[in-house]
Amino acid sequence: MRIAIPAKVVAGNVGGNSTYTTHLIRELIHTGHDVETFGPRVDPRRRHGRALHFATEGSWTFSKRAAAYDIVHYPSDTGPVGKGNCRALVVTVHGVAQRHFQGSRSPLRAKIWLKRTSMAVRSADVVVTVSRSSATDVAAEFGIPLGSISVIPHGIDHDRFFPDVMAPTRLPEKLKEIGPFALYLGNIDPRKNVGAVLAALDSGRWPSGVRLVIAGRHAWGQESLMERLKSHPRVVLLGAVDDGLVAPLYRAAECVVFPSRYEGFGLPVLEAMACGTPVVTTDRGSLREVAGDAAVLIDPDDVEGLAGAVERLVEDSEERTLLVRRGIAHSATFTWPRSGQQHVALYEALVGGRDGTTRRRAQVPQQEGASIWIASRCLGSTSCCRGSLERPRID
């Protein structure tokens, strides 16, 4: 099949959406599909980059080039203003955070996101999302039947994320010296609820010998929190870290804390489990679904519960061992190859197989633990696309 994907999510690392699209790209390359990216190869986080992508992506489906592809797939929520000349249009919506938490975006960006995503959803032949929780939110927010949404969970890269008993020796020297630590890895913004971890650290229940390591960039809206983190004697603030340091950090941590108020999926939860590290996360959004029975679940406002969970995982070897075993087994069911197979099956169902007809809202049988991906060749050249895949990790 010939598949077209907008360049935005491979032109700059915009978090989990880029992780998802990167693996989709790699999988379709491996399975022989011909995919090209379109639009400016400008990092959307840079000045004017967002506006440039906005203008290009919305109208591209009306170009003559759009008719040349079997599938046009927008993998990052917002997309076209209409189907235009596309033979088959797929849109992935990862979640609807503002249904549950109003601080997920600034008011202006929230309004723009809802308008653009609504147009994309209503133009698409198939809407994909990454969890049952997100499917419920997408159906309710945009007024489409729940049964019309294809749920294909993410996978994780098991070549990167696996247990390693030598993990502490693989950290940079400056990190080997900090002693036992709990890890938060992800963006620092209001939705991620990092302030709850700091409050738990200062509570009486947090184990005294355990520090807090935070790996992630300051996204927006947390200036006061950032100052407190920088000055706290028991906090190590790393900023955004390279891909090569992510798995060693997971493995070296006593536990991973992920207190988010909403996630469409929650990749760090599964990545940490795959590394053999127990996880404390919340029961909001998709996190209960993704974590299953392999993590400690808390209310995001329960600071004492968060501190107590860290305390138990550090001091109760029986509970720790149980969650480590469950986590490794649970995370093993989420793979990118399985996800890729589901996605290709969806594409094939959509284009109609041998008779070449397009079927509205084509569905693929859902499998527990299924995942998603795509593949790409950038305007006829693999080199530019592959070069963009090796980027620092930001969640």
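Here the structure is shown first, and the text comes after it.
Note on numbering: residues in each chain are counted from 1, in written sequence order. With the structure being a predicted model, the display of local features is reserved for residues of pLDDT at least 70 and the display and counting of side-chain atom pairs for 80 or more, all residues being used for whole-chain, interface and lining totals. The side-chain figures draw on all heavy atoms in the structure; neither hydrogens nor water molecules are used.

Draft legend 1. Region of interest: the pattern of salt bridges. Throughout this description, the term salt bridge denotes a Lys or Arg side-chain nitrogen within 4 Å of a carboxyl oxygen of Asp or Glu. Throughout the structure, instances matching the rule amount to 17 salt bridges. Measuring nitrogen to oxygen at the nearest pair gives 3.4 Å for the salt bridge that ties Arg-205 to Glu-311. Pair noted here: Arg-205 is in the loop between helix 7 (194-201) and strand 8 (211-215) and Glu-311 is in helix 12 (residues 303-315), with a separation of 106 residues, a long-range link. Residue class for Glu-311 comes out partly exposed when judged on its relative accessible area of 22%. Here Asp-283 makes a salt bridge to Arg-284, at a shortest N to O gap of 3.1 Å. One continuous salt-bridge network, built from bridges that share partners, spans Arg-2, Asp-34, Glu-36 and Arg-65. The way it works is that DSSP assigns letters per residue, a run of H or I at least four long becomes a helix, a run of E at least two long becomes a strand, and they are numbered from the N terminus. Any residue under 20% of the maximum accessible area for its type is buried, any over 50% is exposed, and the rest in between are partly exposed; the area is computed with a 1.4 Å probe on protein chains only.

Draft legend 2. Focus on the packing of helix 10 (residues 267-274) against helix 13 (residues 317-331). Running from N to C, helix 10 and helix 13 point in directions that differ by 115 degrees, and their axes come no closer than 7 Å. Note on packing geometry: the crossing formed by helix 10 with helix 13 is left-handed. Residue-level inspection shows Leu-270, Met-273 and Ala-274 of helix 10 in contact with helix 13, the latter providing Gly-327, Ile-328, His-330 and Ser-331. Residue composition of the contact of helix 10 with helix 13, grouped by class: four nonpolar, three polar and no charged. Every angle, taken between N-to-C directions, lies between 0 and 180 degrees, and every axis is a line fitted to C-alpha atoms, over only the stretch in contact when it is a helix. In this scheme the crossing of two helices becomes right-handed for a clockwise turn of the near helix relative to the far one and left-handed for an anticlockwise turn of less than a right angle. Every residue pair with non-hydrogen atoms within 4.5 Å of one another is taken to be in contact. Under the grouping applied here, Gly and all other residues not named as nonpolar or charged are polar, the nonpolar ones being Ala, Val, Leu, Ile, Met, Phe, Trp, Tyr, Cys and Pro and the charged ones Asp, Glu, Lys and Arg.

Draft legend 3. Expanded view of the packing of aromatic side chains. Working definition: rings of Phe, Tyr and Trp (its six-membered ring) pair if their centres are within 6.5 Å, and the pair is stacked with planes under 30 degrees apart, edge-to-face with planes over 60 apart, and tilted otherwise. The tally for this structure, following the rule as stated, stands at seven aromatic pairs. Between Phe-38 and Tyr-74, the aromatic rings sit 5.8 Å apart at their centres with planes inclined by 70 degrees, giving edge-to-face as the arrangement. Here Tyr-74 lies in strand 3 (residues 71-74) and Phe-38 lies in strand 2 (residues 34-38), a separation of 36 residues in the sequence. Like Phe-38, the residue Tyr-74 is buried in the burial classification. Seen in terms of ring centroids, Tyr-184 and Phe-258 are 6.2 Å apart; in terms of plane orientation they differ by 15 degrees. Their pairing is stacked. You can see Tyr-184 sitting in strand 7 (residues 181-185) and its partner Phe-258 sitting in strand 10 (residues 255-258), a full 74 residues away along the chain. Assigned by exposure class, Tyr-184 and Phe-258 land together as buried. Counting every residue linked through ring pairs, the aromatic cluster contains Phe-38, Trp-60, Tyr-69 and Tyr-74. We call a charge positioned above a ring when the Lys NZ or Arg CZ atom is no farther than 6 Å from the ring centre and deviates by at most 35 degrees from the ring normal. We note Arg-251 situated over the ring of Phe-162; from NZ or CZ to the ring centre the distance is 4.3 Å.

Such coordinate-based values are descriptive only and should not be taken to indicate function.
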